[in-house]
Amino acid sequence: MGDYESSKLDHENHLLLDQPLLQLPVELLRKNLRSARFEVEKDGSWVKEALKKTATDSVNGRISQPDVVKTLDTMIARMRGVKRKLTVFSDEENRLHRHEEARAKHLAELYSMVSVDDVKYEGWSRTRLNRLLVDYLLRHGYVDSARALAQDRGIELLVDVDTFEQMHRIRQCILNGSVQEALAWCTAGDTKKELRKMDSNLEFMLRYQQYIELVRNHSQTKPDEALAHARKHLAPYWSIYPKEMGHVCGLLAMLPENVDQVETYRDLYSPERWKMLADLFTATHNSLLSLPSIPLLHIALSSGLSALKTPACHSIHPNSAAAPSHQTSLSLATSVCPICSKELNELARNVPHALHSKSHVEPDLLLLPNGRAYGKARLEDYAKQAGLPDGQVKDLRTGDVYSVDDLKKVYIS
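Reading guide: rules and limits
Residues numbered from 1 in each chain as written. Predicted model: local features only at pLDDT ≥ 70, side-chain atom pairs only at ≥ 80, totals over all residues. Heavy atoms only, no water. Helix = DSSP H or I, 4+ residues; strand = E, 2+ residues; numbered from the N terminus. Rg over C-alpha atoms; globule rule 2.2 N^0.38 Å. Buried < 20%, exposed > 50% of the residue type's maximum accessible area, 1.4 Å probe, protein only. Areas by Shrake-Rupley, 256 points an atom, 1.4 Å probe, with all protein chains shown as cover. Lys, Arg positive; Asp, Glu negative; His and termini not counted. Charge placed at Lys NZ, Arg CZ, Asp CG, Glu CD. Core = buried A, V, L, I, M, F, W, Y, C linked by side-chain atoms within 4.5 Å. Contact = heavy atoms within 4.5 Å. Polar contact = N/O pair within 3.5 Å; in protein donor to acceptor, adjacent residues only side chain to side chain. pLDDT = per-residue confidence, 0-100. Expected span 1.5 Å × (residues − 1). Pairing = 2+ DSSP bridges. Axes fitted to C-alpha atoms, helices over the stretch in contact; angles between N-to-C directions. Phe/Tyr/Trp six-rings, centres within 6.5 Å; stacked < 30°, edge-to-face > 60°. Lys NZ or Arg CZ within 6 Å of the ring centre and 35° of its normal.

## Things to note about the overall build of the protein
Here is step 1 of the chain: When helices and strands are counted, the protein shows 19 helices and five strands.
Here is step 2 of the chain: For the protein, whose C-alpha radius of gyration is 32 Å, the value lies well above the compact-globule estimate of 22 Å for 413 residues.
Here is step 3 of the chain: C-alpha extents for the protein along the principal axes are approximately 115 × 60 × 35 Å.
Here is step 4 of the chain: Out of the 413 residues belonging to the protein, those deemed buried represent 38%.
Here is step 5 of the chain: Put simply, the protein shows about 25100 Å² of open surface, and 54% of that area lies on carbon and sulfur atoms.
Here is step 6 of the chain: Separation of charge centres in the protein, based on 54 positive and 55 negative side chains, amounts to 6 Å.

Right under this line is the structure:
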């Protein structure tokens, strides 16, 4: 009964890690719908105003018939452009619906399994691991490797390569000293409105960096270009970012060759600002699409390490901290706590301990003279593998050999 309970699947908790799998296509569908509506409203308003003005001018005789026909042709061409844009939005919507359907089907497969011992669970968990690996590669900019892995495993509909590819391309442009692509992303469709709802400072910081570059290269631009840029793009933010706006005014009076003398302005010309802007764009992009700030693989790994970790894993007590001998290294890989292994011990040092409401021990526990306890079946099996004579057992961790007569039966009360 205990084994069944420990292997039984808790589907709701099991799927906590997979929330972004369904959430991202929904966010992209919302963004696609908002963009389509924005285009319809923008061009629709233009056509209505143009049609109303043309009709009024025609009735009052202020416009000739050829000009009326020319205006109507312009409106028709404008609406055909809207139709082409809506076709693109429709194709994108159909693509996202295919992704959503495939992901819902993938998650529904888990509910057909009762325990982790189910033969289908191994294949399902392998698919999830591949998804986590693709997510990790995408977040670190290895787009080609992520795409190849997704195609090789047949999980293209379960990952979002295109979304992260666009993010990585814009991030790379920022790191290369260009903010045009990031500004185009900020102002596309109604993204600007959504960023304002989030109280994001991304657009301001990008415009601010544009201004810094204009001042830095003042000899290569018109004298008033930086001032015109500040009036148009930065002045509306005066009450929101007073500190930065003070620096804007100060830069006008500060020659680039004298900037190193003042720490505040020296930081504005630092190359590290491009890295800061790239990180800000990535964080804003993920927040807008409800994506976790760290790779899902890190979340899964830290959760797994925490679930297995106990206070004894990093204890300084000699009995629990003794290093395994060479003879027992093979056994430790399979029979001893994974967190105590060389590969995972240091990795798990800073993760919290798990809260276990139930304890599980091996049946027929036997206490060795050194204070360690193991199940009888495991001791006998290991003694057989080690080639020990009858009546002797071997500590699985330290390698010490003891007589069976020296062992004591342990009872759990």
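Text resumes after the structure shown.
## Brief notes about the nonpolar core
Here is step 1 of the chain: Ranked by size, the top nonpolar core spans 55 residues in total, and within it V134, I174, W185, F204, L206, Y211 and L251 carry the most contacts.
Here is step 2 of the chain: Looking at which element gives the most residues to this core, the answer is helix α10 (residues 202–216), with nine residues.
Here is step 3 of the chain: Setting aside anything within four residues of it in sequence, one finds F204 in contact with L234, Y237, Y241, E244 and M245.
Here is step 4 of the chain: Within the second largest apolar cluster, nine residues are counted, among which are L368, Y382, V393 and L396.

## Focus on the side chain of T282
Here is step 1 of the chain: Summarising the element assignment, T282 is placed in helix α14 (residues 272–288).
Here is step 2 of the chain: Here A278 takes part through its backbone oxygen, which lies 3.0 Å from a polar atom of the side chain of T282.

## Concerning the confidence of the model for the protein
Here is step 1 of the chain: Of all residues in the protein, 90% attain a pLDDT of 70 or more, and the chain-wide mean is 85.
Here is step 2 of the chain: Mean pLDDT across the elements of the protein bottoms out in helix α16 (residues 318–321) (40) and peaks in helix α6 (residues 143–153) (95).
Here is step 3 of the chain: Confidence drops under a pLDDT of 50 for residues 317–335, and excluding neighbours within four residues, the segment shows 31 contacts in the predicted structure.

## Points about helix α3 (residues 19–59)
Here is step 1 of the chain: When the terminal C-alpha atoms of α3 are compared, their 60 Å separation across 41 residues agrees well with the 60 Å that a helix rising 1.5 Å per residue should span.
Here is step 2 of the chain: G61 sits one or two positions beyond α3 and adopts a positive phi of about 75°.

## Points about the sheet that holds strand β2 (residues 373–375)
Here is step 1 of the chain: Within the open sheet, the three strands sit side by side as β2-β1-β5. Their pairing is antiparallel. Each having just a single partner strand, β2 and β5 (408–409) make up the two edges of the open sheet.
Here is step 2 of the chain: Sheet analysis places strand β1 (residues 365–367) next to β2, joined by three bridges and oriented antiparallel. Looking at the pairing, L367 lines up with A373 of β2.
Here is step 3 of the chain: Packing of helix α19 (residues 376–386) onto the sheet brings it into contact with β1 and β2, and relative to β2 it is tilted by some 85°.

## A closer look at the packing of aromatic side chains
Here is step 1 of the chain: Under the defined criterion, the tally for this structure stands at six aromatic pairs.
Here is step 2 of the chain: When the centroid spacing of 4.3 Å and the interplanar angle of 15° are considered together, the rings of F204 and Y241 count as stacked. Taken together, the residues span a long stretch of sequence, with F204 in helix α10 and Y241 in the loop between α11 (225–234) and α12 (242–252) at a distance of 37 residues.
Here is step 3 of the chain: Judged by relative accessible area, Y241 falls into the buried class, the value being 16%.
Here is step 4 of the chain: Grouping aromatic residues by their ring pairs yields a cluster made of F204, Y208, Y237 and Y241.
Here is step 5 of the chain: Its guanidinium or amino end placed over the ring of W46, R78 lies 4.4 Å from that ring's centre, counting from NZ or CZ.

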